Amino acid sequence: MAIKCGWAAIDERGLASGGAAGDQKQRSVPDYYGEARVGNWYYFGQTEVFRWRDRNKAKKYAAAIKSLCNNKMVGYDQGGRASLFNQLKANGWDPAKVTAPCETDCSALAGVGVNCVTKQQSVPAYVWTGNLRQLLMNTGLFTRYVESKFLTQDAYLMEGDIINNPSAHVIVALETGSKAVTPKTPKKAAATIAKEVVAGKCGVEPSRSAKLKAAGYTPAEISTIQKEVNKLLGKATQHLTTARVIATSGLNVRNKPTINGSKVLRTLPYTTKVTCYGTAKGQGASLWWRIAKDKNEYVSADWLK
């Protein structure tokens, strides 16, 4: 059985433009006969498929397209195709907030769905099947496939795939085919992740290691990443006299330069500025800073920048 797809088709009179705003069609089968509709995959001469690199974004995209196809406020009209775009833009790209009659067409629907995921204007209102490839690839969010198996059958399609014929039509896969394989995300190099850690993009321990493990990194790889982090932060902090906390959840101040056997005195919020009155080596950090002139108050320099 064919997978379900979503698209915008034709207005209530069977014409491309000039009809009333919103979906005027009577649906004897739910979602299937609307101006924006959900139906079975079919062949229409498609020549390319665009697949989200991020599977979570792909699921959000498919959900957004399905929501818009199920919304009786959304109709088809090539002349008024920007009205859905404008309404979504005015409401933070939230499909649930399309509450006034509006219009779209197949390419405009595919485009606004991307914006609903990114929550910004990643694809402009003037998208059409002929420039869809350029606009989607410019976002950096997609991989393009042109192999026959993706075009002449639905078995290899995945939820969120955008299926395009540049001279005719575009539809969106809302389900995953029976032979589709989830692509593995290539692992980033340890040095790359270390830079992200230093920039505060990966959270703090122990949640950071847990996330890396869930992403497929081995304990040895996580250890290598930590060594890279220590190198970066050690070099950055050994020659500083002031710095700011980069741990988004805050940085503990301890009475000794060690994790074990020390007492947490307080927690410094993210971006707090501290001054170095001396350094020390101890368990749990590549370097410790004493941040009080006349008191034993230490913080890990690994979370300062």
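Every value quoted in this text rests on a predicted model; they were computed, and no experiment measured them.

Asks: Please explain the packing of aromatic side chains as it appears in this structure.
Replies: Geometry of an aromatic ring pair is reported as the spacing of the ring centres plus the angle between the planes. Per the stated rule, a full pass over the model turns up seven aromatic pairs. Residues W52 and Y61 carry aromatic rings whose centres are separated by 5.3 Å and whose planes lie at 50° to one another, so their mutual orientation is tilted. Classification of W52 by relative accessible area gives buried; the value is 1%. Over the ring of Y145 we find R51; its NZ or CZ atom is 5.1 Å from the centre of that ring.

Asks: I keep staring at the sheet that holds strand 6 (residues 142-145) and nothing clicks. Help me out?
Replies: To summarise the sheet geometry, strands pair through backbone hydrogen bonds and adopt either a parallel or an antiparallel arrangement. Across the sheet, which stays open at both edges, the six strands sit in the order 2-1-8-7-3-6 with antiparallel pairing between neighbours. Strands with a single pairing partner mark the edges of an open sheet, and in this sheet they are strand 2 (36-40) and strand 6. Across the sheet, the axes of successive neighbouring strands diverge by a mean angle of 25°, strand direction being ignored. Taken together, the four bridges between strand 3 (residues 48-52) and strand 6 define a ladder with antiparallel strand orientation. Bridge pairing links V49 to Y145 in strand 6.

Asks: Looking at this structure, I do not really get unusual backbone geometry. What am I missing?
Replies: It is generally the case that most residues other than glycine have a negative phi and that most peptide bonds are trans. If you check the backbone angles, K119 has positive phi at about 60° while not being a glycine. Within the secondary structure, K119 is located in the loop between helix 3 (106-118) and helix 4 (132-138). If you check the backbone angles, T271 has positive phi at about 75° while not being a glycine. When its relative accessible area of 40% is taken as the criterion, T271 is described as partly exposed.

Asks: I tried to follow the nonpolar core on my own but got confused; where do I start?
Replies: The tendency in soluble globular proteins is for nonpolar side chains to be buried as a group. Core analysis: the biggest nonpolar cluster contains 38 residues, and Y61, L84 and I162 have the highest contact counts within it. Broken down by secondary-structure element, the contributors of at least two residues to this core are strand 2, strand 3, helix 1 (55-69), strand 4 (74-76), helix 2 (82-90), helix 3, helix 4 and strand 8 (169-173). If near-sequence neighbours (up to four positions away) are discounted, Y61 is found in contact with W52, A110, G113, V114, V117, G160, I162 and V172. Within the second largest apolar cluster, 25 residues are counted, among which are I193, V229, I246 and W303.

Thresholds applied
- Residues numbered from 1 in each chain as written.
- Predicted model: local features only at pLDDT ≥ 70, side-chain atom pairs only at ≥ 80, totals over all residues.
- Heavy atoms only, no water.
- Phe/Tyr/Trp six-rings, centres within 6.5 Å; stacked < 30°, edge-to-face > 60°.
- Buried < 20%, exposed > 50% of the residue type's maximum accessible area, 1.4 Å probe, protein only.
- Lys NZ or Arg CZ within 6 Å of the ring centre and 35° of its normal.
- Pairing = 2+ DSSP bridges.
- Helix = DSSP H or I, 4+ residues; strand = E, 2+ residues; numbered from the N terminus.
- Axes fitted to C-alpha atoms, helices over the stretch in contact; angles between N-to-C directions.
- Core = buried A, V, L, I, M, F, W, Y, C linked by side-chain atoms within 4.5 Å.
- Contact = heavy atoms within 4.5 Å.

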